[in-house]
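The chain contents come next:
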Amino acid sequence: MAAPLLEVENLRTEFARGESTIHAVDGLSYSLEPGEAVAIVGESGSGKSVSVRSLLRLIPRHGRITSGSARFDGKDLLAMKEPELRHIRGNQIAFVFQDAMTAMNPTLTLEKQLTEHIIWHELAGKSEARQRAIDAMTSVGLDQPEVRLKQYPFQLSGGMRQRAMIASALVSRPKLLIADEPTTALDVTLQRQILDILKERKRDGMSIILITHDLGVARYFCDRVIVMYAGRAVERGPMRDLLESPGHPYTTGLLESTLEIGAGKDRLQPIPGNPPNMATLPPGCPFAPRCPLAEERCRVEPQSLIPIGPDRDVACWKVSEGATLHASGRS
């Protein structure tokens, strides 16, 4: 059996905010196989984006990684010196950022932005790099790629900018693609087109980590899912199993607040309350103030992830007692 492409163990990232400490990622662990797609799902502020940015040490200066390891192809990304890590960023691991308009440099042409990093990594000369850029733009459905190369990001529509950013990530032919909310602010048609592109890259053998708040988006091509809440993984498992029988009440809430065509639902059921203040988390389960199943123990004593089946873990006292949670949110 082949070794995992990526193994993350006990990752912890925190930020200083005045006299408080924000534990943005609190003990996250998971693995990613070659050619596999894993979704990290949760509401805004759950720690999804910080967790993947931590892998490449792309967090703000007031943040720091306090523990953990992230072994990529057998080498710990968190222990690497900066020059070594620079040769992995944009080369073996590529990042599709959430907002293409702010992530792309408005003063540089697409040709410059799509070829500069592969020339810097010495993956190709200028002529070959340009051809790679044309091929990558064609693969993501951008018409007239030779013309587009001479254009600037502001000359493209939102959907075209997002495609150009994906092309920029694919041009180096990375082993791992991290896509952070790649369909945010796009209409349904464009969302489907972007997801089709990612699905095709997975079919070609590329590993993908998808960051999203929408389980409906994640189910489109992801094999496994990690549900995060308040910096912690509250559930992990195969996508189909988790959708058919969610274990954690928060996962149930995410599913009930997602409306999909053909799913048989005619209304959304939002999760009550608001995400917690990360500077003043409650002593027990951080979801307890919003949970319809919470009891006194939940508010006092946190539950760690426990196995409930093949490759499935849930952090919930109700599950540990053998309760079966259904999409209705009742045991």
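The model shown is predicted, which means the values in this text are computed figures rather than measured ones. (Residues numbered from 1 in each chain as written. Predicted model: local features only at pLDDT ≥ 70, side-chain atom pairs only at ≥ 80, totals over all residues. Heavy atoms only, no water.)

Q: I'm lost on unusual backbone geometry in this one. Help?
A: If a residue is not glycine, its phi is most likely negative; likewise, a peptide bond is most likely trans. Residue Asn-10 is not a glycine yet carries a positive backbone phi of 50°. Its location among the elements puts Asn-10 in strand β1 (residues 6–17). What makes Asn-10 partly exposed here is its relative accessible area of 32%. With phi around 55°, Arg-173 is a residue other than glycine that occupies positive phi space. Within the element layout of this structure, Arg-173 appears in the loop between α7 (158–170) and β7 (176–180). (Helix = DSSP H or I, 4+ residues; strand = E, 2+ residues; numbered from the N terminus. Buried < 20%, exposed > 50% of the residue type's maximum accessible area, 1.4 Å probe, protein only.)

Q: Would you mind showing me how to read the nonpolar core here?
A: Note that soluble globular proteins tend to have their nonpolar side chains buried in a common cluster. Counting residues in each nonpolar core, the largest one holds 68 residues, and the members touching the most others are Leu-177, Phe-221, Val-225 and Tyr-250. Here the element with the most residues in this core is α7; it accounts for seven residues. Every residue in contact with Tyr-250, bar those within four places of it in the chain, is listed here: Gly-42, Glu-43, Val-227, Met-228, Tyr-229, Val-234, Ile-271 and Phe-287. One finds Leu-6, Ile-40, Phe-72 and Phe-95 within the second-largest nonpolar core, a separate group that totals 29 residues. (Core = buried A, V, L, I, M, F, W, Y, C linked by side-chain atoms within 4.5 Å. Contact = heavy atoms within 4.5 Å.)

Q: For this particular structure, what's the right way to read the pairing of strand β4 (residues 63–72)?
A: Relative to β4, β1 runs antiparallel, the two being bridged by eight bridges. Bridge pairing in β4 links Glu-9 to Ser-69. In textbook terms, the turn of a hairpin is the stretch between consecutive antiparallel strands, and for β4 and strand β5 (residues 75–76) this stretch comprises two residues, one of which, Asp-73, has a positive phi near 55°. (Pairing = 2+ DSSP bridges.)

Q: Honestly, the sheet that holds strand β3 (residues 37–41) in this entry has me stumped. Any pointers?
A: Paired through their backbone hydrogen bonds, the strands of a sheet run either parallel or antiparallel. The eight strands are arranged β6-β7-β8-β3-β9-β10-β12-β11 in an open sheet whose pairing can be described as mixed. Every interior strand has two partners, whereas the edge strands, β6 (93–96) and β11 (306–309), have only one. Looking at each pair of strands side by side, their axes are set apart by 20° on average, direction ignored. In terms of strand pairing, β3 meets strand β8 (residues 207–212) through five bridges, oriented parallel. If you follow Val-38 over to β8, its bridge partner there is Ile-209. (Axes fitted to C-alpha atoms, helices over the stretch in contact; angles between N-to-C directions.)

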